[in-house]
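# An overview of the molecular structure
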Amino acid sequence: MARPIWTGTLSFGLLNIPVRLMAGERRVDLQFRMLDSRNHARVRYERVNEETGEEVPWKEIVKAFEYDKGAYVVIEEEDIAAAAPDRRETIDIDTFVDAGSIGPEYFDKPYVLEPAAKAEKGYVLLRDVLARTGKAGIGRVVIRTREYLAAVLPRGDALVMMVLRFAQELVDPEEYRLPEGESKKWKITTREVEMAEQLIASMTGEWDPDAFKDDFRLRLQEVIEERVRSKKVVHDDDDGQERPAEGAATNVIDFAELLKRSLEKKGGKGGKGGGGATKKVVKKTARKPAKKAAKKAASGKKKATKKAAARKAG
């Protein structure tokens, strides 16, 4: 069962509706890990001090703002906490606007608001009134450590909260070279306009989001599953060392899930528990696998020399 991102209150005027903020999107991107093509060893992301060349532990890393070329000010965690708003568990609606007046460029990320126990009445009241009036509630919300602008909108039986972009996050289209003026200025004839309208009318239908699939991802996933089934896979030795907790760039395919699905297609049963596990990122350098390979090769060479000497002696 999905877990709430936070539990708090949807507030406007004197009305407070206890809600749970739930994820409204599901990431389905295929993610890849980088390997060295020569020996299929993993290429790791590392935190290296550019002066000493040594790896920096996570506990020694601080945030800093570069205010001039090569000049920084360090920002402590206390500074970030002090700057964060107090309303961490409240969606404060400041105003209501016509939902259609919010340009699509402002919409960023969806969430679903789920009413808490015994909060259904207030939830349904706000949902139905927004639907009848065509309004959206605009307010602010703190998610984790950042404050966002948000719009609360009705969608069927649900209230959804759309995170909005602030105006300063958008680029004004006038900054680009755009064709100004009406169609006559660009010598577009009435006949061309009529034909374009007819074409659009012939292609017009109802909006059905389920009719559109990520065909590229599906085809790529088929390639991956085929490689797994044909055993065209490479393996690495997981040395069990700790990986970075947060901020680490990882791009791992969930092969366990792919294998489970492949087994199910063949009538077998997938193993328990391993489906969503992510391997740990190792803190050693990417050169070590190459060193291991070199040592192994040298060891093999010595053994071969000894065997040859033994045969000669015999």
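That block above? That's the structure.
Let us look at the structure shown here. On a predicted model such as this, the values are computed, not experimentally measured, just so you know. (Residues numbered from 1 in each chain as written. Predicted model: local features only at pLDDT ≥ 70, side-chain atom pairs only at ≥ 80, totals over all residues. Heavy atoms only, no water.)

### Quick look at the overall build of the protein chain
The number of helices and strands found in the protein chain is six helices and nine strands. A separation of at least 24 residues holds for 66% of the contacts in the protein chain among residues at least 6 apart in sequence. Within the structure as shown, the protein chain displays about 24,500 Å² of accessible surface, and the carbon and sulfur contribution to it stands at 53%. (Helix = DSSP H or I, 4+ residues; strand = E, 2+ residues; numbered from the N terminus. Contact = heavy atoms within 4.5 Å. Areas by Shrake-Rupley, 256 points an atom, 1.4 Å probe, with all protein chains shown as cover.)

### Things to note about helix H4 (residues 215-229)
Between its terminal C-alpha atoms H4 stretches 21 Å, which fits the 21 Å expected from 15 residues at 1.5 Å a residue. When H4 is considered as a whole, its buried residues turn out to be Gln 221, Ile 224, Glu 225 and Val 228. Looking straight down H4, one finds its buried side chains confined to an arc of 95°; they lie on one side. Opposite the packed face of H4, turned more than 90 degrees from it, sit the exposed residues Phe 216, Arg 219 and Glu 222. (Expected span 1.5 Å × (residues − 1). Buried < 20%, exposed > 50% of the residue type's maximum accessible area, 1.4 Å probe, protein only. Arc of directions from axis to C-beta.)

### Things to note about the environment of Glu 105
Tracing the backbone through its elements, the reader meets Glu 105 in the loop between strand E5 (90-98) and strand E6 (107-115). Separated by 60 residues in sequence, Glu 105 and Arg 165 have C-alpha atoms that sit 7.9 Å apart. Apart from residues lying up to four places away in sequence, Glu 105 is in contact with Arg 165 and Leu 170.

### As for unusual backbone geometry
Phi is positive for His 40, close to 60°, though the residue is something other than glycine. The backbone of Lys 118 shows a phi angle near 65°, a positive value even though the residue is not glycine. Relative to the assigned elements, Lys 118 resides in the loop between E6 and helix H2 (120-133). Judged by its relative accessible area of 83%, Lys 118 is exposed.

### Quick look at the pattern of salt bridges
Overall, the coordinates contain six salt bridges when judged by the stated rule. Notably, a salt bridge pairs Glu 114 with Arg 20, separated by 2.7 Å at the nearest N-O pair. With Glu 114 in strand E6 and Arg 20 in strand E2 (residues 15-23), this pair connects stretches of sequence that are 94 residues apart. Using a relative accessible area of 26% as the deciding quantity, one classes Arg 20 as partly exposed. Across the pair Asp 128 and Arg 127 runs a salt bridge whose closest N-O atoms are separated by 3.0 Å. For Asp 128, a relative accessible area of 36% puts it in the partly exposed group. (Salt bridge = Lys/Arg side-chain N within 4 Å of Asp/Glu carboxyl O.)

### Points about the nonpolar core
Soluble globular proteins: nonpolar side chains tend toward being buried together. Counting 22 residues, the largest nonpolar core has Leu 10, Leu 113, Val 152 and Met 161 as its most contacted members. Looking at this core, the elements with two or more residues in it are strand E1 (6-12), E2, E5, E6, H2, strand E7 (135-143), strand E8 (146-155) and strand E9 (158-164). Met 161 has contacts with Leu 21, Ile 91, Lys 109, Pro 110, Tyr 111, Leu 113, Val 141, Ile 143, Ala 150, Ala 151 and Val 152, leaving out every residue within four places of it along the chain. The next biggest cluster of nonpolar side chains, apart from the first, holds ten residues, and it includes Ala 136, Leu 149, Val 160 and Phe 166. (Core = buried A, V, L, I, M, F, W, Y, C linked by side-chain atoms within 4.5 Å.)

### Some words on the packing of aromatic side chains
Summed over all chains, the structure comprises one aromatic pair. Where Phe 12 meets Phe 96, the ring centres are 5.6 Å apart and the plane angle is 85°; that geometry is what we call edge-to-face. Remark: Phe 96 occurs in strand E5 and Phe 12 occurs in strand E1; sequence separation between them is 84 residues. (Phe/Tyr/Trp six-rings, centres within 6.5 Å; stacked < 30°, edge-to-face > 60°.)

### Describing the environment of Ile 5
Inspection of the secondary structure assignment puts Ile 5 in the segment before E1. On the basis of relative accessible area, Ile 5 is assigned to the partly exposed category, the value being 28%. Note: C-alpha distance between Ile 5 and Arg 20 (15 residues apart in sequence) is 7.4 Å. Sequence-distant contacts of Ile 5, defined by excluding residues within four places in its chain, comprise Leu 21, Met 22, Ala 23, Tyr 111, Ile 143 and Arg 144.

### Examining the sheet that holds E9
Read around the closed barrel, the seven strands follow the order E1-E2-E6-E9-E8-E7-E5; overall the barrel is mixed. When strand polarity is set aside, the average angle formed by the axes of neighbouring strands in this sheet is 40°. Pairing of E5 with E7, which is carried by six bridges, proceeds in the antiparallel orientation. Within E7, the residue paired with Val 97 across the bridge is Ala 136. Across the face of the sheet, H2 comes into contact with E1, E2, E5, E6, E7, E8 and E9 while running at roughly 70° to E9. (Pairing = 2+ DSSP bridges. Axes fitted to C-alpha atoms, helices over the stretch in contact; angles between N-to-C directions.)

### A few points about a negative patch on the surface
A grouping of Asp 172, Glu 174, Glu 175 and Glu 180 is seen on the molecular surface, where their side chains present a negatively charged patch. The exposed category is assigned to Glu 174, whose relative accessible area is 70%. (Patch = residues over 30% accessible without salt bridge, like charges linked within 9 Å, V, L, I, M, F, W, Y side chains within 5 Å. Lys, Arg positive; Asp, Glu negative; His and termini not counted. Charge placed at Lys NZ, Arg CZ, Asp CG, Glu CD.)

Structural measurements only, silent on function.
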